[in-house]
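These are the residues of each chain, in order.
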Amino acid sequence: YHSYRNCKIENFKKACEYLANKGIFVIRMGAKVKEKLNMNNSKIIDYATNGMRNEFMDIYLGSKCFFWLSTGSGLDSLNQVFRKPIIYTNCSPIGFTIKTKKDALTIYKHHFDNKTKKRLSIKEIMEKNLQYADSVQKYSNENIDLIENTPLEISDAVEEMYNRLTFTWKEDKEGENLQDLFWKNLFSNDKSKEKIVSRIGSNFLKENKYLLTT
């Protein structure tokens with residue numbers, strides 16, 4: 001019932017190469033994975049399948065990493081325990097977006113309506129009560145397919161995080177305006193007083209303005 005959360009490891013290769021070219025070791029985590037990460041680069045390590053994985057090392061690596069690149073799995077809770085930056089890719093459902101972690105970036109799976117042959121905006125997702133949909137059946141009932149992030153979308157988010165952490169990121173006015181619009185759309189009915197400090201991937205918003213249509 002949770003297969004709507006699945007992602008293809010192939011789509012992360014471009015981001016892995018970007019980090020490796022920056023001199024950063026990339027370690028693919030996971031106790032149970034469907035496919036190996038086959039890459040010819042000594043800085044990209046498929047720790048999940050190379051026989052070296054154990055629970056102690058999972059925690060140790062999570063405590064020492066530069067940042068996490070995740071799909072919202074349980075292990076990535078270590079980013080909060082050890083106060084590490086994180087990128088959430090392929091996020092769904094949208095209502096679970098982290099908003100109070102200042103070094104978190106999020107990009108989303110696209111909600112494709114098979115009836116209208118269009119991608120749903122935030123408003124339309126909420127109108128269909130899918131913002132907290134947590135099973136395949138709920139998306140199926142509305143005839144919605146979830147489309148994974150592309151290699152470029154993931155790589156763009158990784159590049160943004162790298163630039164933010166190395167203090168070379170510069171947000172333009174369009175990016176700031178889109179951030180404001182996004183959060184107003186997503187939490188328009190939120191009565192809490194939590195301050196929003198997290199960010200949505202800047203290029204992701206610029207390339208997917210349909211999310212903000214009303």
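Scroll up to find the structure this text is about.
Residues numbered from 1 in each chain as written. Predicted model: local features only at pLDDT ≥ 70, side-chain atom pairs only at ≥ 80, totals over all residues. Heavy atoms only, no water.

(A) A look at the layout of surface pockets. When its volume is computed, the largest pocket comes out at roughly 1400 Å³. Ile9, Arg28, Met29, Leu69 and Ser70 are, among the 39 residues lining the largest pocket, the residues nearest its centre. At the level of secondary structure, the elements contributing two or more residues to the lining of the largest pocket comprise α1 (13-21), β1 (26-27), α2 (55-64) and β3 (68-70). Top contributing element to the lining of the largest pocket by residue count: α2, with 4 residues. Of the residues that constitute the lining of the largest pocket, the class distribution is 21 nonpolar, 9 polar and 9 charged. Here the second largest pocket defines a volume of roughly 320 Å³. Along the wall of the second largest pocket there are 20 residues; nearest its centre are Arg5, Thr71, Gly72, Ser92 and Phe96. Broken down by secondary-structure element, the contributors of at least two residues to the lining of the second largest pocket are α3 (78-81) and β4 (86-91). The dominant element in the lining of the second largest pocket, judged by the number of residues it contributes, is β4, at 4 residues. Residues that form the lining of the second largest pocket fall into these classes: 6 nonpolar, 12 polar and 2 charged. (1 Å grid on protein atoms, 1.4 Å probe; cavity = no way out; pocket = protein on both sides within 12 Å on 5 of 7 lines; lining within 4 Å. Points joined across faces, edges and corners; volume = space filled by probe spheres on them. Helix = DSSP H or I, 4+ residues; strand = E, 2+ residues; numbered from the N terminus. Nonpolar A, V, L, I, M, F, W, Y, C, P; charged D, E, K, R; others polar.)

(B) Representation of α2. For α2, every residue scored as buried is listed here: Asp58, Leu61, Gly62 and Ser63. Buried-residue contacts for α2 involve β1, β3 and α3. Between the side-chain oxygen of the N-cap and the backbone nitrogen of Phe56 there are 3.1 Å, and the N-cap of α2 in question is Asn54. (Buried < 20%, exposed > 50% of the residue type's maximum accessible area, 1.4 Å probe, protein only. Contact = heavy atoms within 4.5 Å. Polar contact = N/O pair within 3.5 Å; in protein donor to acceptor, adjacent residues only side chain to side chain.)

(C) Summary view of the pattern of salt bridges. Evaluated as defined, the whole model comprises 15 salt bridges. Linking Glu194 and Lys99 is a salt bridge whose minimum nitrogen-to-oxygen distance equals 3.4 Å. Here Glu194 is found in the loop between α7 (173-186) and β9 (199-200), whereas its partner Lys99 is found in the loop between β4 and β5 (104-108), with 95 residues between them in sequence. Salt-bridge contacts for Asp113 lead to Lys128; the nearest nitrogen and oxygen are separated by 3.8 Å. Pair noted here: Asp113 is in strand β6 (residues 110-113) and Lys128 is in the loop between α4 (122-127) and α5 (136-141), with a separation of 15 residues, a long-range link. Relative accessible area serves as the criterion here: at 26%, Lys128 is assigned to the partly exposed category. Here the salt bridges share partners, and the residues they tie into one network are Glu160, Arg164, Glu171, Glu176 and Arg199. (Salt bridge = Lys/Arg side-chain N within 4 Å of Asp/Glu carboxyl O.)

(D) Broad picture of the sheet that holds β4. Strand order in the open sheet formed by 4 strands is β3-β4-β5-β9, with parallel pairing between adjacent strands. Each edge of the open sheet is held by one strand with a lone partner, namely β3 and β9. In the sheet, β4 pairs with β5 via 4 bridges, with the strands oriented parallel. Within the sheet, the bridge partner assigned to Ile87 lies in β5 and is Leu105. With respect to the sheet, helix α6 (residues 151-165) is in contact with β3, β4, β5 and β9, its orientation differing from that of β5 by roughly 170 degrees. (Pairing = 2+ DSSP bridges. Axes fitted to C-alpha atoms, helices over the stretch in contact; angles between N-to-C directions.)

(E) Just the sheet that holds strand β7 (residues 118-119), in detail. If you walk across this open sheet you meet the 3 strands as β7-β6-β8, and the pairing is antiparallel. At either end of the open sheet lies a strand with only one pairing partner, and these are β7 and β8 (144-147). For β6 and β8, the ladder comprises 4 bridges, and the chain directions are antiparallel. Looking at β8, one finds that His111 is bridged to Leu146.

(F) Region of the structure containing empty space enclosed by the protein. Taken as a whole and assessed by the stated rule, the structure comprises 1 cavity of 30 Å³ or more. What the largest cavity holds in volume is close to 30 Å³. Lining the largest cavity are Ile94, Tyr108, Lys109, His110, His111, Leu120, Ile125, Tyr210 and Leu211. Partitioned by chemical class, the residues of the lining of the largest cavity number 6 nonpolar, 2 polar and 1 charged.

(G) View of the environment of Phe187. Along the chain, the position of Phe187 falls in the loop between α7 and β9. Spatially, the C-alpha atom of Phe187 lies 35 Å from that of Glu17, the residues being 170 residues apart in sequence.

By themselves, these observations are geometric and do not establish any function.
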